[in-house]
Amino acid sequence: MKLGYVTLHGRGRIDRLLSEAVERLEAHGVALAGTVQTNIERDDRPRCDMDLRLLPDGPVVRISVDRGAEARGCRLDAGVLEQSVLWVSTTLDKAEMLVVNKFGKQESEGKGLTRTIADALERGLPVLVGVNGLNLPAFLEFADGEAQELMPDVACIEDWCLSMLTNARSSSEAQLGAEETGDQRAVAGL
């Protein structure tokens, strides 16, 4: 299976790592679908604002709700996240790869981008996912032993992604060649 994941301790570190990997993949001309998160620190709040960049060329949307400086608990705007999921799912037809910034609480409950990840894998697209330690057991259950852990190093992630794309392109070309040979035989009456 073409499912790779990276986990890294420290607030915002996975987001920065995946953002850098996406920049490198875009520089290679890879057609991406998915999400990349940016965390914006605020002097007046103990917790950051969270924005998602919707790949490949979608808007940047705020997925956190400002509930005040003393607020505790979940700050995720689930409605904005679900709108983001719809956006990403419509971009899969033109994508070569899916990047999901986080297999988070929504995904661990079977919501969020879980269906999009499954759809991308069914299409034969490589999928790169960020996973924090809290949601790692749910992700591993979701992946059913088919996910490959990647080193939290941008060069290693880039290499894995490019090798998955090379394999996917080779498989597509071989399938296209077999279909053309079958078409030629049909025309020749074989």
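Residues numbered from 1 in each chain as written. Predicted model: local features only at pLDDT ≥ 70, side-chain atom pairs only at ≥ 80, totals over all residues. Heavy atoms only, no water.

Asks: Account for the pattern of salt bridges, with residues named and values stated.
Replies: Once their charged atoms are close, side chains differing in charge can pair, the charge on each being opposite to the other. One pass over the structure, following the stated rule, counts 7 salt bridges. For Arg-123, the salt bridge identified is with Asp-93, shortest N-O distance 2.5 Å. Of this pair, Arg-123 sits in the loop between helix 4 (114-122) and strand 6 (127-130) while Asp-93 sits in the loop between helix 2 (78-91) and strand 5 (97-100), and the two are 30 residues apart along the sequence. Put simply, Glu-109 and Lys-105 hold a salt bridge, and the shortest N to O gap is 4.0 Å. Several salt bridges converge on common partners, so that one network encompasses Glu-20, Arg-24 and Glu-158. (Salt bridge = Lys/Arg side-chain N within 4 Å of Asp/Glu carboxyl O. Helix = DSSP H or I, 4+ residues; strand = E, 2+ residues; numbered from the N terminus.)

Asks: Tell me about unusual backbone geometry, and please be specific about residues and values.
Replies: Look at the link from Leu-55 to Pro-56: it is a cis peptide, with omega at 10 degrees. Tracing the backbone through its elements, the reader meets Pro-56 in the loop between strand 3 (49-55) and strand 4 (60-62). Positive phi values are uncommon outside glycine, yet Asp-144 reaches one of about 50 degrees. With respect to the element layout, Asp-144 can be found in the loop between helix 5 (136-143) and strand 7 (147-149). What makes Asp-144 exposed here is its relative accessible area of 61%. (Buried < 20%, exposed > 50% of the residue type's maximum accessible area, 1.4 Å probe, protein only.)

Asks: So what's going on with the nonpolar core? Residues and values would help.
Replies: Core analysis: the biggest nonpolar cluster contains 26 residues, and Leu-3, Leu-98, Ile-117, Val-127, Val-129 and Phe-139 have the highest contact counts within it. Of all the secondary structure elements, the ones that give two or more residues to this core are strand 1 (3-6), strand 3, helix 2, strand 5, helix 4, strand 6 and helix 5. Formed by 22 residues, the second largest nonpolar core is a distinct cluster that contains Val-6, Leu-8, Leu-25 and Val-36. (Core = buried A, V, L, I, M, F, W, Y, C linked by side-chain atoms within 4.5 Å.)

Asks: Tell me about the packing of aromatic side chains, and please be specific about residues and values.
Replies: Summed over the entire model, instances satisfying the criterion amount to 3 aromatic pairs. Both rings, one in Phe-103 and one in Phe-139, keep their centres 5.2 Å apart while their planes meet at 75 degrees; by these two values the pair is edge-to-face. Of this pair, Phe-103 sits in the loop between strand 5 and helix 3 (105-108) while Phe-139 is found in helix 5, placing the two residues 36 residues apart along the sequence. The pair Phe-103 / Phe-139 is uniform in exposure class, with both members buried. With a centroid separation of 5.5 Å and an interplanar angle of 40 degrees, the aromatic rings of Phe-103 and Phe-142 are classed as tilted. One end of the pair, Phe-103, is in the loop between strand 5 and helix 3; the other, Phe-142, is in helix 5, and 39 residues separate them in sequence. Here a set of aromatic residues connected by ring pairs shows up, and it is made of Tyr-5, Phe-103, Phe-139 and Phe-142. (Phe/Tyr/Trp six-rings, centres within 6.5 Å; stacked < 30°, edge-to-face > 60°.)

Everything listed here is a matter of geometry and, on its own, says nothing about what the molecule does.
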